Amino acid sequence: MIGRIAIRFCIACILLAAAFLLAPLLVIVGTSFSPTPVFDLPSGDLSLRWYARIGRLDGFWPALLLTLEIAALSTLAALVLGTLAAIGIQRGRLPGADLLTALLVSPLMLPGLVIGIALLQFFRMAGLTAAHPALLLAHLIITLPYVARTMLAGLSRFDFTLIDAARCLGCSFPAAITKVMVPALAPAFFTAGFFAFLASFDNYPISIFLTDARTKTLPIKLLQYIEEAPDPTLAALSTLILAATLLLLLLGEKFVGLNRMAGTGD
């Protein structure tokens, strides 16, 4: 009897926590269909006018393209560097491997504002004043931990003797990597790229220190829109970003599986 009560209490707490986390998102989605130019839940007819207005926001397309470019490039670079670092740690038997792993994931342990201020000072001391390369390097630093940690977990399950077996069967070393390691680690690559891309795409506390008047990412432009002319267009844009994230999760479930993405499945 006590066990059933405890289980029901735990389920109720989980549902309450889920409702608490999802309620703000549902409010944003509802507000995006408001027929009035204020942040208000629709009480009657629904309107798509704010979705149609997204493309006409001042500076929206340059900010979106810059954000996608920075996120794609930093994710690609992080996948290459993070995978190489993970292989070196996993197979190299390096002295101080645990310390190196901690250094790779250390950006996740620091507040974004602290990293942003530190990078701003460092780039200024190094003479790097251009916003685009500074943003790219900064986003590489914050995406690399996701890739390195995910690839370390993936490589811990990979049998490296399969590469030797492929080479004994006539494959060259690059061919063995392509035909054996890459397919086996595809879920890890997808998971690492997914989280790295999202971490870069919606980053605000670091990007705000490295942008300028002509180079602004989408999160910075959203803050500017809120300060200058807030209306349900921002809720519509946030809803589209949420929908795109859910679409990526569905694709991950279809091709990889959420259990494997979370590292709980085989």
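Fair warning: this is a prediction, and the values are worked out from it, not measured in the lab. (Residues numbered from 1 in each chain as written. Predicted model: local features only at pLDDT ≥ 70, side-chain atom pairs only at ≥ 80, totals over all residues. Heavy atoms only, no water.)

1. A few points about the overall build of the protein
Counting secondary structure elements, the protein contains twelve helices and zero strands. Each helix and strand of the protein, placed in order from N terminus to C terminus, yields the pattern α-α-α-α-α-α-α-α-α-α-α-α. Considered along the principal axes of its C-alpha atoms, the protein spans approximately 70 × 70 × 35 Å. A total of 266 residues make up the protein; the buried ones form 35% of that total. Long-range contacts, defined as pairs at least 24 residues apart, comprise 70% of the intrachain contacts of the protein with a sequence gap of at least 6. By element, 71% of the accessible surface of the protein is carried by carbon and sulfur atoms, the whole surface being about 15,800 Å². (Helix = DSSP H or I, 4+ residues; strand = E, 2+ residues; numbered from the N terminus. Buried < 20%, exposed > 50% of the residue type's maximum accessible area, 1.4 Å probe, protein only. Contact = heavy atoms within 4.5 Å. Areas by Shrake-Rupley, 256 points an atom, 1.4 Å probe, with all protein chains shown as cover.)

2. A short note on the nonpolar core
With 22 residues, the main nonpolar core has Val147, Met151, Phe158, Phe160, Ile163, Met181 and Leu185 as its most contacted residues. Put simply, the parts of the chain that give this core at least two residues each are helix 3 (60-91), helix 4 (97-105), helix 6 (131-155), helix 7 (161-168), helix 8 (173-184) and helix 9 (186-201). At seven residues, the largest contribution of residues to this core is made by helix 6. When neighbours within four sequence positions are excluded, Ile163 is seen to be in contact with Phe158, Phe173, Ala176, Ile177, Val180 and Met181. If you look at the next biggest cluster of nonpolar residues, it comprises 14 residues, including Ile54, Leu64, Leu234 and Ala236. (Core = buried A, V, L, I, M, F, W, Y, C linked by side-chain atoms within 4.5 Å.)

3. Brief notes about a nonpolar patch on the surface
Together, Phe20, Leu21, Leu22, Leu25, Leu26 and Ile28 give the surface a local cluster of nonpolar side chains, amounting to about 620 Å² of exposed area. On the secondary structure map, Leu26 appears in helix 1 (residues 2-31). We classify Leu26 as exposed; its relative accessible area is 60%. (Patch = residues over 30% accessible without salt bridge, like charges linked within 9 Å, V, L, I, M, F, W, Y side chains within 5 Å. Salt bridge = Lys/Arg side-chain N within 4 Å of Asp/Glu carboxyl O.)

4. Concerning the pattern of salt bridges
A complete count under the given rule lists one salt bridge for this structure. The residue Asp231 makes a salt bridge to Arg53 at a minimum N-O spacing of 3.0 Å. You can see Asp231 sitting in the loop between helix 10 (218-228) and helix 11 (233-255) and its partner Arg53 sitting in helix 2 (residues 49-53), a full 178 residues away along the chain.

5. Comments concerning helix 6
Counted at 1.5 Å a residue, the expected span for helix 6 with its 25 residues is 36 Å, and the 35 Å between its end C-alpha atoms agrees. Along helix 6, the largest kink reaches about 35° and is centred on Thr143; proline Pro145 follows within four residues of it. (Expected span 1.5 Å × (residues − 1). Bend = angle between axes of the 7 residues up to and from the residue.)

6. What about the environment of Phe9?
Structurally, Phe9 is set in helix 1. A C-alpha to C-alpha distance of 41 Å links Phe9 and Tyr51, two positions 42 residues apart in sequence.

7. Concerning the packing of aromatic side chains
Here the structure, examined in full by the defined rule, presents seven aromatic pairs. Each ring, one from Phe33 and one from Tyr51, has its centre 5.3 Å from the other, and the planes form 40°; the classification is tilted. Here the residue Phe33 occupies a position in the loop between helix 1 and helix 2, and Tyr51 occupies one in helix 2, the gap between them amounting to 18 residues. According to the relative accessible area criterion, Phe33 is partly exposed, its value standing at 24%. Measuring from ring centre to ring centre gives 5.1 Å for Phe158 and Phe160, while their planes differ by 85°; the resulting arrangement is edge-to-face. Overall, the relative accessible area of 10% leaves Phe158 in the buried class. We classify Phe160 as buried; its relative accessible area is 12%. (Phe/Tyr/Trp six-rings, centres within 6.5 Å; stacked < 30°, edge-to-face > 60°.)

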